[in-house]
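What the coordinates show
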Amino acid sequence: MSFLTSVLDHLKSFWTENLLPAAKTLIRKTRKEEPLRLPAPFTPDEDADTKQYEAHPSSAYMMLKMIFRDIGRYNAVIETLGRDFLTAMPKGAYKSRLGQIGFLHRRRHEEVANPQVAAFIEEAHAHEKSSPESWDEWDHANLREIEILYRHHCQVDPELIERRARLGYEGRRVHRDVMRNNDWDTARPFLEDMIDLTRRIAESKCLRDNEHDTESPYQALMREYIPGFRIADIETLFGQMTKKLDDLLPQILDKQAKEDAPIPLKGPFPETQQMWLNETLLRAIGFDFSRGGLYETGFNPVEGGTPEDTHLVIKSVNESNFLISMKSTLHEGGHGLYVQGLPRDVWRYQPVGHDMGNAWHESQALMIEMILGRRREFFEYLAPRVEGLFQKFGDPSMSAENLYKLKTRVRKTADRKTADEVTYFHHINLRFELERKLFSGALEVKDLPEAWDAQMDKTFGDMPESSCMGCLQDVHWFVGKFGYFPSYALGHMIAAQLYTVMRKDIQNIPELLSEGNLIPVRDWLNHKVHKQGRLRRPGALIEEITGGPLTPAPLLAHFEERYLHSV
Ligand SMILES: [Zn+2]
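All residue numbers here refer to positions counted from 1 along the written sequence of the relevant chain. For this predicted model, a pLDDT threshold of at least 70 governs which residues receive local features, and a threshold of 80 or more governs which side-chain atom pairs are given and counted, while totals over whole chains, interfaces and linings are taken from all residues. Only hydrogens and water are set aside; all other atoms, that is, all heavy atoms of the structure, feed into the side-chain values.

Brief notes about the overall build of the chain
Across its full length, the chain carries 22 helices and three strands. Counting only residues that meet the buried cut, the chain has 54% of its 567 residues in that class. It only takes one pair of heavy atoms within 4.5 Å for two residues to be counted as in contact. Of all intrachain contacts in the chain linking residues separated by at least 6 positions in sequence, the fraction that spans at least 24 positions is 74%. Carbon and sulfur atoms make up 52% of the accessible area of the chain, which amounts to about 25000 Å² in all. In this text, helices come from DSSP runs of H or I with a minimum length of four residues, and strands from runs of E with a minimum of two, each type numbered from the N-terminal end. Type-normalised accessible area, obtained with a 1.4 Å probe on protein chains alone, sets the label of each residue: buried when under 20%, exposed when over 50%, and partly exposed for intermediate values. Surface accessibility in these figures is a Shrake-Rupley result with a 1.4 Å probe; residues are shielded only by whichever protein chains are displayed.

Structural data, given as structure tokens:
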């Protein structure tokens, strides 16, 4: 028996140490030499007359369009599986689903990172130079975005991508469980594995900044979520925010301390009525239910899908406070309008038809949730309706004024999700600083709770009650999203800057809000942002719409106007 065991052990180690690496090298070598499995370019199954299928004299570009059409189809399938994972999947399917999702991520990655894609890009660029008359601005932009995607993925080992996809979905479940039990001992090794894996991916994504320097792994990660922004740009913008908020926040707290505190809501607010309200509000902002839906989950909220099948997933409603699911619905609804408004009726799956990255995505969510959804007139529309819906006639906590006060109360809190609009930035800045330290090696996971609490204490003078309220509260790091957090603060700045132009173009926004009609707002956003896809680079789009580069000034002016000057 022991002889047999030792033979088996020997065979096993021979396989892992010798045969497996050799097989992998052989597979990789063969894959490079093997011709690309070419897509069928002229068999459109949908919208044959769109730009996606329009004949182009560069055959290399035509091939790229078909390859990226198929990559887009992978995306759509992955999105659908992900929605099902969160909302409908039976427990017993958990493991097999992780395998399916990991496999699809790997296949999608292999399609993008194929060396033949690089050859087609080079050939298409040559055509672009020799026959510029055949290339309109959308085709130029599409080729540019194809190249950016290729460069972002080409050096990453497909195995790492598969592992990250699996670990990311496992992370949703781990996060839900550790939050329930405030279980740092389970969270710590999971986060260590996730950071280790993400760092390996980041290191293979690093591009050369110039002849001598290579970008940092954190910058490489951020590029995926916030294209067009450099760490140094964000540090400058965040520095300006911090400085001005140091002055504004005490004044706001002081002003509110002198006012009557809002009256807390008295539940219950039954789930069916809350979901009816949330769907009604989504219709008011112009979300199209024939091309999307609102779902509840036991996990954290997400949004995504395609313009024809957009899913907004919010956390199961809390029956003691309808404002929580309403906030999430308005936020996800803003994201949903962006997804539904993308130019995919023309560009379908092409990279130029994608959104502008997460800072812009968050700007659309925060425009609806915070900039517009916390205006006094919105609560004038809401109050009489919720009073009737929840049968709370004459309840003073349900008045427009009180609901407005509840949603604009500024407090120092340890919880990002319930943070107010003014202190929200500090929550983001804290995460931006800590995740950079985690990736530079200046901070180890084991020291994270202490570093988090110390930073929170420094910012607010208010220690979180437990790890659950501290470094465990966000799902982002558990799903491998490092470099995402700055999107929220940048998105808030973008939203405020866009709003300065929108309010000039649509002068009756207050009346529209009090009537519960945001269709003109949706159409404005659609025209200026959604329909643009990735035609422009992010910095160029903000300049085109607002006439200047992104600055925190409009957001800070918005805080002064709403929190200091309004009565
Ligand atoms: Zn969001």
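On we go.
Notes on the coordination of the zinc ion
Distances from the zinc ion to its protein donors, His331 (NE2), His335 (NE2), Glu362 (OE) and Glu362 (OE), fall within 2.0 to 2.6 Å. Any nitrogen, oxygen or sulfur atom within 2.8 Å of a metal ion counts as a donor, with the limit raised to 3.2 Å for Na, K and Ca, and since water is left out, coordination shells can look unfinished. Key to geometry: four donors with every angle between 85 and 135 degrees are tetrahedral; four donors are square planar and six octahedral where opposite donors lie over 155 degrees apart and all remaining angles lie between 65 and 115; all other sites are irregular. Its four donor atoms give the zinc ion angles of 53 to 146 degrees at the centre, a pattern that matches the irregular case. Sequence spacing of the donor residues for the zinc ion, all on one chain, is H-x3-H-x26-E. Placement of the pair is His331 in helix 11 (residues 322-341) and Glu362 in helix 13 (residues 358-372), with a sequence separation of 31 residues. Assessed through its relative accessible area of 12%, His331 is described here as buried. A residue is classified by how much of its surface remains accessible, and Glu362, at 2% relative accessible area, is buried.

Brief notes about helix 15 (residues 400-408)
Listing the buried residues of helix 15 in full gives Ala400, Asn402, Leu403, Tyr404, Lys407 and Thr408. At its buried positions, helix 15 is contacted by helix 9 (231-257), helix 11, helix 14 (376-389) and helix 22 (553-565).

A short note on the pairing of strand 3 (residues 309-315)
Within a regular strand, the side chains alternate between the two sheet faces. Among the seven residues in strand 3, five count as buried, and that is most of the element. Here, a strand pair is defined by DSSP locating no fewer than two bridges between the strands. Relative to strand 3, strand 2 (residues 302-306) runs antiparallel, the two sharing five bridges. Across the sheet, the residue bridging to Glu303 is Leu312, located in strand 3. Joining the antiparallel neighbours strand 2 and strand 3 is a turn of two residues.

Here we look at the side chain of Asn142
In this structure, Asn142 sits in helix 5 (residues 137-153). Between N or O atoms, a polar contact is any pair within 3.5 Å; within protein, one atom must be a potential hydrogen donor and the other a potential acceptor, and residues adjacent in sequence are included only when both atoms are from side chains. Here the side chain of Asn142 touches Gln350 through a polar contact of 3.1 Å, side chain to side chain.

What to know about the pattern of salt bridges
Here, a salt bridge means any side-chain nitrogen of Lys or Arg that lies within 4 Å of a carboxyl oxygen of Asp or Glu. For the structure on display, the rule yields 39 salt bridges. In this structure, Glu401 engages Arg376 in a salt bridge whose closest nitrogen and oxygen atoms are separated by 2.6 Å. Of this pair, Glu401 sits in helix 15 while Arg376 is found in helix 14, placing the two residues 25 residues apart along the sequence. Overlapping salt bridges bring together Arg106, Arg107, Glu110, Glu111 and Glu162 as one network.

Comments concerning the packing of helix 2 (residues 59-87) against helix 5
Angle between the axes and distance between the axes are the two parameters that describe a pair of packed helices. Packing of helix 2 against helix 5 brings their axes to within 11 Å, and their N-to-C directions diverge by 60 degrees. With respect to each other, helix 2 and helix 5 are oriented oblique. Judged by the sense of rotation from one axis to the other, the crossing of helix 2 with helix 5 is left-handed. Contacts from Tyr61, Leu64, Lys65 and Phe68 of helix 2 reach helix 5 at Asp139, Asn142, Leu143, Ile146 and Leu149. Taken together, the residues of the contact of helix 2 with helix 5 sort by class into six nonpolar, one polar and two charged. Axis lines are fitted through C-alpha atoms, for helices just across the contact stretch, and the angle between N-to-C directions can take any value from 0 to 180 degrees. Should an angle fall under 35 degrees it is called roughly parallel, over 145 degrees roughly antiparallel, and 65 to 115 degrees roughly perpendicular, with every other angle called oblique. Left-handed describes a crossing in which the near helix is turned anticlockwise from the far one by less than a right angle; the clockwise case is right-handed. When residue character is reported, Ala, Val, Leu, Ile, Met, Phe, Trp, Tyr, Cys and Pro are called nonpolar, Asp, Glu, Lys and Arg charged, and the others, Gly included, polar.

Some words on the confidence of the model for the chain
When pLDDT is averaged across the chain, the result is 90; 89% of the residues are at 70 or more. Values of pLDDT, which run from 0 to 100, indicate the predictor's confidence residue by residue. pLDDT under 50 marks residues 22-31. Its contacts with residues more than four places away, or in other chains, come to three contacts.

Remarks on the packing of aromatic side chains
Stacked, tilted and edge-to-face are the three classes applied to pairs of Phe, Tyr and Trp rings, where Trp contributes its six-membered ring and a pair requires centres within 6.5 Å; stacked means planes under 30 degrees apart, edge-to-face means over 60, and tilted covers the rest. If you walk through the whole model with that rule in mind, you get 25 aromatic pairs. Note on Tyr218 and Phe432: the rings are 6.1 Å apart at their centroids and 55 degrees apart in plane angle, and the pair reads as tilted. Of the two residues, Tyr218 is situated in helix 8 (residues 217-225) and Phe432 in helix 16 (residues 424-440); the sequence distance between them amounts to 214 residues. Like Tyr218, the residue Phe432 is buried in the burial classification. Ring geometry for Phe322 and Phe390: centres 5.1 Å apart, planes at 35 degrees, overall tilted. Taken together, the residues span a long stretch of sequence, with Phe322 in helix 11 and Phe390 in the loop between helix 14 and helix 15 at a distance of 68 residues. Ring-pair connections join several aromatic residues into one group, and the members of that group are Tyr225, Tyr424, Phe439, Trp452, Trp477, Phe482, Tyr484, Phe485 and Tyr488.

Looking at the nonpolar core
The nonpolar side chains of soluble globular proteins are, as a tendency, buried together. What we call a nonpolar core is a set of buried Ala, Val, Leu, Ile, Met, Phe, Trp, Tyr and Cys residues that are connected through their side-chain atoms within 4.5 Å. With 124 residues, the main nonpolar core has Phe238, Phe322, Trp360 and Leu382 as its most contacted residues. Examining the composition of this core, we find that 11 residues originate from one element, helix 18 (residues 486-505), more than from any other. Once you skip the residues sitting within four places of it in the chain, Leu382 turns out to touch Leu277, Leu281, Phe322, Met326 and Leu403. Residues Tyr61, Ile71, Ala141 and Leu535 belong to the second largest nonpolar core, which totals 21 residues.

Remarks on the packing of helix 9 against helix 16
Orientation of helix 9 relative to helix 16, taken along the N-to-C sense of each, is 140 degrees, at an axis distance of 11 Å. Here helix 9 lies oblique to helix 16, going by the angle between them. Crossing of helix 9 against helix 16: the hand is left-handed. Two secondary-structure elements touch here, helix 9 through Ile231, Ile234, Glu235, Phe238, Met241, Thr242, Leu245 and Leu249 and helix 16 through Phe425, His426, Ile428, Asn429, Phe432 and Arg436. Here the residues of the contact of helix 9 with helix 16 sort into nine nonpolar, three polar and two charged.

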